[in-house]
Amino acid sequence: NKFACIVFALLLVVLAGCSGKTAEVKQADFSFNLPEGYSLSDVTDESCNIVSDEGGAIIGGITVTSLKPKLLSNENSTTEIMTYLQNEFHKTNNVEFIALYGGKENPSVTINLTKIADDTGEKAHFRHIFFEKDAVVYHMWFDLDVVDQPTVDEIVACSTANKNA
């Protein structure tokens, strides 16, 4: 019986060691340009929020992903990107979306997504942009119920213009 306990304890130690070996997420470089009136907050090694300086509302954010850069120029990668969104961000399959690919010259994916609440049917609207910077795929997202489209376009243009700098 003692022997079985020792073997079980060793097995737990080995399994605990294996569980720590997850996909490595590179540390983020959040040196993005933002237009006047917006800034980054709650910056960690893997994510940050985009906030309005007036009122401090969170309008979106940026996250480092474990997605491979080659997905951004492959129009057949929608399933992998949507799986990431459903597992890491929205936590539901009850969504409607349109995916737009930037092509070989601008490897990026923009997803306009409507999340539908399972219980009430209420809709929330988001824009997700996946782009590469320094061989890392970033996920920039916006809550379109909090921020208007021209502001999103301006932030995206400012922040991703120097993405490979």
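The coordinates are above.
What you are looking at is a predicted structure, and each value in this text was computed from that prediction instead of being measured.

Scoring rules and cut-offs
- Residues numbered from 1 in each chain as written.
- Predicted model: local features only at pLDDT ≥ 70, side-chain atom pairs only at ≥ 80, totals over all residues.
- Heavy atoms only, no water.
- Helix = DSSP H or I, 4+ residues; strand = E, 2+ residues; numbered from the N terminus.
- Buried < 20%, exposed > 50% of the residue type's maximum accessible area, 1.4 Å probe, protein only.
- Contact = heavy atoms within 4.5 Å.
- Areas by Shrake-Rupley, 256 points an atom, 1.4 Å probe, with all protein chains shown as cover.
- Phe/Tyr/Trp six-rings, centres within 6.5 Å; stacked < 30°, edge-to-face > 60°.
- Expected span 1.5 Å × (residues − 1).
- Arc of directions from axis to C-beta.

**Student:** Would you explain the overall build of the protein chain in this entry?
**Tutor:** Each helix and strand counted, the protein chain has 3 helices and 7 strands in total. Traced from its N-terminal end to its C-terminal end, the protein chain shows the element sequence α-β-β-β-α-β-β-β-β-α. Relative to its 165 residues, the protein chain shows a buried fraction of 36%. Partitioning the contacts of the protein chain with sequence separation of at least 6, the portion at a separation of at least 24 is 43%. For the protein chain, the exposed area adds up to about 9800 Å²; of that, 53% sits on carbon and sulfur atoms.

**Student:** Just checking my understanding: could you explain the packing of aromatic side chains for this structure?
**Tutor:** How two aromatic rings sit relative to each other is set out by the distance from centre to centre and by the angle between their planes. Counted under the stated rule, the structure contains 8 aromatic pairs. With 6.3 Å between their ring centres and 45 degrees between their planes, F30 and F32 make a pair best called tilted. Across the pair, exposure class does not vary: F30 and F32 are buried alike. Ring centres of F32 and Y138 lie 5.5 Å apart, and the angle between their planes is 85 degrees; this geometry places the pair in the edge-to-face category.

**Student:** Quick question: what am I supposed to make of helix α3 (residues 149–160) here?
**Tutor:** The α-helix winds at 3.6 residues per turn, so residues separated by three or four positions along the chain end up facing the same way. Taking 1.5 Å of rise per residue, the 12 residues of α3 would be expected to cover 16 Å, and the 16 Å separating its terminal C-alpha atoms lies within 8% of that figure. For α3, the set of buried residues is T151, V152, I155, V156, S159 and T160. One face of α3 carries all of its buried residues, which in axial projection span an arc of 130 degrees. Tucked into the core, α3 has its buried residues touching β1 (38–41), β2 (47–52), β3 (58–64), β6 (123–133) and β7 (136–143).

**Student:** Explanation requested: helix α2 (residues 78–90) in the structure shown.
**Tutor:** Look at α2: only 16 Å from first C-alpha to last across 13 residues, short of the 18 Å you get at 1.5 Å a residue. All buried positions along α2 are accounted for by T78, I81, M82, Y84, L85, Q86 and H90. Residues of α2 that are buried in the fold lie against β3, β4 (95–101), β5 (108–116), β6 and β7. Remark: K91 follows α2 within two positions and exhibits a positive phi of approximately 55 degrees.

Function-wise, these values are silent; they only describe arrangement.
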